[in-house]
Amino acid sequence: MSLSVKENRVVAVNRVGENTLQTVLQGKVELPSTAAPVGRIVWVKGTPVVQSFATDQDRVYVQGAIDLTMIYVPETFDDEPAGLKRVEWPSALPFDTHVEVIGAEPEMNSKVEMTLLACEWDLGAGQYSLDVDLIVAVTVQVDQVRDYNVISDVNLAKPVKLSTDGLVLNPLGEALEFTVDKENTGILEFELGEAAVQTILDVTAKVQLEEVELGDGKLGIKGWTTLEVLYELDDLSVQYYTFGQVLPFELGYDNPQIRPELVLEHRLQPRCECFVVNEGRNMRVELNLTGVFFLKSRQPVQVLTDVAAPGNQVEVRTELVALDSFVNSKEQQGIVRGLIELSHDLPPIREILKTGATCHVTDFEVDEDKLVIEGVLDVELFYLAHSEEDTKPLFRGFFPEVIPFEQTLVVPGLELGMQPRISLAVISVKPDLINRETLEVATTLRFTVDVVEYLEVDAVVEAVEVEPMPEDPPTLTYVFVQNGDTVWKLSRRYHTTEEAILEANPSLQDDPQSLKPGDHIYIPRN
């Protein structure tokens, strides 16, 4: 045969749906029997942990638990000074829920994220227990992986001019995934005077990738951790310190599908436990780094939608190819500013120790090639309050949805009807104390947008050269199957129908795709 074709395998990851469920969790926790009764609760914080999830018909089942941590001032007699106490309740509030995503099916891929929106508590009678109410948001994304074989180019050796139509697609290919489960331990030294550390109150761990080596068949990653630590000294004062670029780590992966042109993304969750050692001069850190590294490919694919030749010498078969096609991406930083007023139950500020923020997208709007993102910031504030005592008391304020923001990004190629996939990250939070009850917060955010367009294309999946029908063809032809032959190609080549071939060859009726080179089949001629 003189017709040659170039085939491409297209693996497309299509977003089936996304949904967020807000649920309320309630429970009761007890102090350990050796703990002192609660005088004043400084804070109660919850950390959601997803333990398992499973995709089912039109829904995703999620199981997990909330770890709770409380810092409190114990009740003492005669107002004797007492240090802060920390209590932990791992897996304090288990949950089992499901999120509806229309179109989801068991074999599809899901991604689950959990966010704690609110945490309220009431101290029980006797000051040894807490009633806790939490609002948790569970966000689920469901993707379907579809596989197509399409024709991207054709050539006919005869002196015949072929005319073709086609387009270029940018499918979101299936990523290579590499699981992370890394334990890292270290001893860190505090910069102290004569006082010693008594209690670790709060630790925030942030992971930074320092070096990525991506080669044929190999992936190497080096990084380190930043720890933001709030702690109490033995003189009952509270301080804040940042350990930068500590706990270095290296990870390596081997896979023949790794290529230098792939793009690395990650979703990492650092969790750490910290212990005071060496008489309060050092802190022992046990870091558990879990998550996934993704290697993604964004290679354009040429797809033919039609092939024509004079005298219908070439016939084609098309199939509907449905996929999310990548359009463009944009990354941009912006500073969000806002004022925060202390609520009536919080005392005036003397010194701010630590400020954090969490960002949420509430809406977006597409205007030509402009994307307008609206959202809100939750702000967390740790501070020392004004007091007549020498030791200033520690307080925490949490201000949900306190600072609204709007950011505009210009994304070339963006049009109405396309799907902007938005992710936000907090880069830094800088507070400025205006007076004892008011502060201005400047938060630097990183906005990352990937724009995709859902396309349905009738793509050419098979092409065959067709000779003119003989004037007096035989009623039946006996042929040996050649490499690349299909029932459809044979039906066109011999001017018959697929149904007629299947009827004449019962062994193919259950699975026409079982046709393989070397088989001999009968072809009835029309």
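Residues numbered from 1 in each chain as written. Predicted model: local features only at pLDDT ≥ 70, side-chain atom pairs only at ≥ 80, totals over all residues. Heavy atoms only, no water.

K.L.:
Just checking my understanding: could you explain the overall build of the protein chain for this structure?
P.N.:
Helices and strands together make up the secondary structure of the protein chain, namely 2 helices and 22 strands. Here the protein chain has a C-alpha radius of gyration of 32 Å; the compact-globule value for 526 residues is 24 Å, and the former is much larger. Considering only C-alpha atoms, the protein chain reaches an extent of 115 × 45 × 40 Å along its principal axes. For the protein chain, with 526 residues in total, the buried portion stands at 43%. Across the protein chain, the fraction of contacts at a sequence separation of at least 24, relative to all contacts at a separation of at least 6, is 77%. With an accessible surface of roughly 27900 Å², the protein chain has 45% of that area assigned to carbon and sulfur atoms. (Helix = DSSP H or I, 4+ residues; strand = E, 2+ residues; numbered from the N terminus. Rg over C-alpha atoms; globule rule 2.2 N^0.38 Å. Buried < 20%, exposed > 50% of the residue type's maximum accessible area, 1.4 Å probe, protein only. Contact = heavy atoms within 4.5 Å. Areas by Shrake-Rupley, 256 points an atom, 1.4 Å probe, with all protein chains shown as cover.)

K.L.:
How do you make sense of the environment of Val10 when you look at a structure like this?
P.N.:
Turning to its location among the elements, Val10 is positioned in strand β1 (residues 3–30). For Val10, a relative accessible area of 4% gives the class buried. Sequence-wise, Val10 and Ile523 are 513 residues apart; in three dimensions their C-alpha atoms are separated by 32 Å. Those residues in contact with Val10 that sit more than four places away from it in its chain are Arg146, Asp147, Tyr148, Val150, Pro171, Val301 and Leu323.

K.L.:
Just to check I follow, could you spell out unusual backbone geometry for this structure?
P.N.:
Outside of glycine, negative phi angles account for most residues, and trans bonds account for most peptide bonds. Look at Leu236: it is not a glycine, yet its phi comes out positive at around 75°. If you trace the backbone, Leu236 turns up in the loop between β10 (218–233) and β11 (238–254). The phi dihedral of His495 falls on the positive side, at around 55°, and the residue is not glycine. Take His495: it is sitting in the loop between α1 (487–493) and α2 (498–504).

K.L.:
I tried to follow the sheet that holds strand β3 (residues 59–74) on my own but got confused; where do I start?
P.N.:
Strand pairing in a sheet relies on backbone hydrogen bonds, with the paired strands running either antiparallel or parallel. Spatially, β2-β3-β4 is the arrangement adopted by the 3 strands of the open sheet, whose pairing is antiparallel. The sheet terminates laterally at β2 (38–56) and β4 (85–100), the two strands that pair on one side only. Taken pair by pair, the neighbouring strands of this sheet meet at an average axis angle of 15°, ignoring direction. Judged from the 13 bridges that link them, β3 and β4 form a sheet pairing that is antiparallel. Each bridged residue has a counterpart across the sheet, and for Tyr72 the counterpart in β4 is Lys85. (Pairing = 2+ DSSP bridges. Axes fitted to C-alpha atoms, helices over the stretch in contact; angles between N-to-C directions.)

K.L.:
I keep staring at the packing of aromatic side chains and nothing clicks. Help me out?
P.N.:
Aromatic ring pairs are defined here through the distance separating the ring centres and the angle between the ring planes. All chains considered together, the criterion is met by 10 aromatic pairs. When the centroid spacing of 4.8 Å and the interplanar angle of 75° are considered together, the rings of Tyr241 and Phe243 count as edge-to-face. Accessibility expressed as a relative area gives 23% for Tyr241, which makes it partly exposed. Plain terms: the ring middles of Phe405 and Phe447 are 6.1 Å apart, the flat faces sit at 70° to each other, and that makes the pair edge-to-face. One end of the pair, Phe405, is in strand β18 (residues 394–410); the other, Phe447, is in strand β20 (residues 438–465), with 42 residues separating them in the sequence. Judged by relative accessible area, Phe447 falls into the buried class, the value being 0%. (Phe/Tyr/Trp six-rings, centres within 6.5 Å; stacked < 30°, edge-to-face > 60°.)

K.L.:
Would you explain a nonpolar patch on the surface in this entry?
P.N.:
A cluster of nonpolar side chains, contributed by Leu476, Tyr478, Phe480 and Tyr522, occupies part of the molecular surface with about 420 Å² of accessible area. The partly exposed category is assigned to Leu476, whose relative accessible area is 46%. (Patch = residues over 30% accessible without salt bridge, like charges linked within 9 Å, V, L, I, M, F, W, Y side chains within 5 Å. Salt bridge = Lys/Arg side-chain N within 4 Å of Asp/Glu carboxyl O.)

K.L.:
Explain the nonpolar core to me, please; I cannot follow it from the model alone.
P.N.:
Across soluble globular proteins, you tend to see nonpolar side chains buried next to one another. Met70, Leu134 and Val140 are the most contacted members of the largest nonpolar core, which totals 32 residues. The greatest single-element share of this core, amounting to 7 residues, is contributed by strand β6 (residues 129–156). Ignoring any residue separated from it by four or fewer positions in sequence, one finds Leu134 in contact with Thr23, Val24, Leu25, Ile66, Leu68, Leu93, Leu116, Ala118 and Cys119. With 30 residues, the next largest nonpolar core counts Cys359, Leu381, Phe399 and Val449 among its residues. (Core = buried A, V, L, I, M, F, W, Y, C linked by side-chain atoms within 4.5 Å.)

K.L.:
What is the right way to look at the sheet that holds β20 in this model?
P.N.:
Here 3 strands make up an open sheet; going across it, the order is β15-β20-β19 and the pairing antiparallel. Two strands lie at the open edges of the sheet, namely β15 (314–341) and β19 (419–435), each paired on one side alone. Strand-to-strand twist of the sheet, defined as the mean angle between neighbouring strand axes without regard to direction, takes the value 5°. Two elements, β19 and β20, share 15 bridges in a ladder whose sense is antiparallel. Considered in β20, the bridge of Asp432 is made with Glu440.

K.L.:
Sorry, what's going on with the side chain of Thr443 here?
P.N.:
Tracing the sequence through the fold places Thr443 in strand β20. With sequence-adjacent residues up to four places away left out, Thr443 is seen in contact with Gly334, Ile335, Val336, Ala357, Leu377, Val426, Ser428 and Val429.

K.L.:
Help me understand a negative patch on the surface, please; the structure alone is not making it clear to me.
P.N.:
Together, Asp363, Glu365, Asp367, Glu368, Glu374 and Glu406 make up a negatively charged patch on the protein surface. Among the elements that line the negative patch, the one with the most residues is strand β16 (residues 349–367), at 3 residues. (Lys, Arg positive; Asp, Glu negative; His and termini not counted. Charge placed at Lys NZ, Arg CZ, Asp CG, Glu CD.)

K.L.:
Explanation requested: the confidence of the model for the protein chain in the structure shown.
P.N.:
With 99% of its residues at a pLDDT of 70 or more, the protein chain shows a mean pLDDT of 92. Across the protein chain, the secondary-structure element scoring lowest on mean pLDDT is strand β21 (residues 476–480), at 88, and the one scoring highest is strand β17 (residues 370–385), at 97. (pLDDT = per-residue confidence, 0-100.)

K.L.:
What am I meant to see in the side chain of Thr444 here?
P.N.:
Looking at where Thr444 falls in the secondary structure, it is placed in strand β20. Thr444 sits in the buried class, given a relative accessible area of 14%. Apart from residues lying up to four places away in sequence, Thr444 is in contact with Gln333, Gly334, Ile335, Ala425, Val426, Ile427 and Ser428.

K.L.:
What exactly am I supposed to notice about the environment of Ser4 here?
P.N.:
Note on placement: Ser4 falls in strand β1. When near neighbours in sequence (up to four residues on either side) are disregarded, Ser4 contacts Asp153, Val154 and Asn155.

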